[in-house]
Amino acid sequence: MIPRQIAPGVSWTGAVDWDRRLFDALIPLPEGTSYNAYLVQGKDKTALIDTVEPTKRHLLESQLEAVPRVDYVIANHAEQDHSGSIPWVLEKYPEAKVLCSALCQPMLDELLCLDPGRVRPVADGETLSLGGKTLRFITTPWVHWPETMSTFLEEDGILFSCDFFGSHLATSRLFIEEGHSVHDQAKRYFAEIMLPFRRTIEKNLDKLRGLDLRVIAPSHGPLYRQPQFIIDAYRDWVGETPRNSAIIVWTSMHGSTEVMVEHLTAALAERGVAVHPFNMAVSDIGRLAIELVDAATLIVACPTVHAGPHPAVLEAVHLANALRPKVRFASVVTSYGWGGKTVDIIKSLIPNLKVEFLEPLVVKGYPREKDFQALTAMAEAVAGKHGDLGLK
Ligand code: FEO
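Here the structure is a predicted model, which means the values were calculated and not measured.

1. With respect to the nonpolar core
So, step 1. Counting 60 residues, the largest nonpolar core has L159, F165, F190, I230, Y234, V249 and L288 as its most contacted members.
So, step 2. Filtering out sequence-adjacent residues up to four positions away, F165 remains in contact with L159, L205, L208, I216, P218, Y224, I230, I231 and Y234.

Right, here's the structure in full:
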């Protein structure tokens, strides 16, 4: 493989991972991913910006085969899908030094056992001249670890943003010409790892104002020639106003919960609320994360088993609590045979959500007419609350 040029003296030296289907043993990757590394060659010095997941190191190796010298490895982020091949790079290029944020330095030591003498922290706003190519380091914390930074190549207007603005998408195209074709994957990535930090990310977006941004080059997925497209999308996602939408995470053992979910879904839809029911027996949690970015209401619907919520919904409840979305209202629908504490347990599992709890529905056995009426009333309450917020 040879490096693919994205601007004079700037090349993509990354790896596309077409077949990866799970990240962190947790996050589904329905469309694979890539680990984007970049080589910036100035008149005097050469910098490698990030590396690749060690399982794909051979692809980086082949692209660096004809590169005689690397002076700097810029580690925008300590996570191993970007930093994991740094030890090999340092071995190949004994003169190379690693530059990273101050918070990243000890993390590289802890995660990769790097020689501390070869790692130098850089300050927010510090610049480095490679000879006709100037790198400016901009700390952009919590996208999604505390140490993350971006690197701006001033002469070419390229922002190397690592996870920030990234998308898990394997593609042979370097650039997305039609920005919308990557929107879903970028939103999925934002939702899965950055949603809990959206207020800090908003400040990071503010830090980018005033840069002559011509290209955003993240370390996953394709690059953006129209940076404003993805910046505007992030502005929307980090905002505080939810959409007029409700999520129902559910499972059913003998059909009682299922018919209630069907009724509630229809009743919400009739009232103009966009509904996203997720049957946790078959649902992609990444898809759920995407909908959590904007939803105003979360409803957990499940049978009571072992005196509490059916375990199939617990992953979804845990995810919602961990991602701290802007959801405003919540409720519970449950059926039971002989008792239990499903409602109280679910409430106790989502302390991070600043929600108003709407009247739950607890049904013994199969739902009767009065229960369906209660579900209609729940839909009416949700639509009314959304209306009070001016959501359309
Ligand atoms: Fe793509 Fe946080 O690593």
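2. Some remarks on empty space enclosed by the protein
So, step 1. The full count for this structure, using the stated rule, is one cavity of 30 Å³ or more.
So, step 2. Considering only enclosed or pocket space, the largest cavity measures out at about 70 Å³ in volume.
So, step 3. Around the largest cavity, the lining comprises 13 residues; the ones closest to its centre are W12, S34, N36, T171 and R173.
So, step 4. For the lining of the largest cavity, a count of residues per class yields seven nonpolar, four polar and two charged.

3. Quick look at the side chain of T297
So, step 1. Within the fold, T297 resides in strand β21 (residues 297-305).
So, step 2. With a relative accessible area of 1%, T297 lands in the buried category.

4. Considerations on the pairing of strand β1 (residues 4-7)
So, step 1. Sheet topology note: the β1/strand β2 (residues 10-12) ladder contains three bridges and is antiparallel. Pairing of Q5 across the sheet is with S11, part of β2.
So, step 2. Once β1 ends, the chain turns through two residues before running back antiparallel as β2, passing G9 with a positive phi of about 80°.

5. Some details on the packing of aromatic side chains
So, step 1. Taken as a whole and assessed by the stated rule, the structure comprises nine aromatic pairs.
So, step 2. Between F164 and Y234, the ring centres sit 5.6 Å apart and the planes meet at 75°, which makes this aromatic pair edge-to-face. Of the two residues, F164 is situated in the loop between β15 (158-162) and β16 (175-176) and Y234 in helix α7 (residues 227-238); the sequence distance between them amounts to 70 residues.
So, step 3. Here the aromatic residues F164, F165, F190, Y234 and W237 are joined through ring pairs into a cluster of three or more.
So, step 4. When the ring centre of W12 is taken as reference, the NZ or CZ atom of R4 above it lies at 6.0 Å.
So, step 5. The ring of F357 has K347 sitting right over it, with the charged end atom 5.0 Å from the ring centre.

Calculation criteria
Residues numbered from 1 in each chain as written. Predicted model: local features only at pLDDT ≥ 70, side-chain atom pairs only at ≥ 80, totals over all residues. Heavy atoms only, no water. Core = buried A, V, L, I, M, F, W, Y, C linked by side-chain atoms within 4.5 Å. Buried < 20%, exposed > 50% of the residue type's maximum accessible area, 1.4 Å probe, protein only. Contact = heavy atoms within 4.5 Å. 1 Å grid on protein atoms, 1.4 Å probe; cavity = no way out; pocket = protein on both sides within 12 Å on 5 of 7 lines; lining within 4 Å. Points joined across faces, edges and corners; volume = space filled by probe spheres on them. Nonpolar A, V, L, I, M, F, W, Y, C, P; charged D, E, K, R; others polar. Helix = DSSP H or I, 4+ residues; strand = E, 2+ residues; numbered from the N terminus. Pairing = 2+ DSSP bridges. Phe/Tyr/Trp six-rings, centres within 6.5 Å; stacked < 30°, edge-to-face > 60°. Lys NZ or Arg CZ within 6 Å of the ring centre and 35° of its normal.

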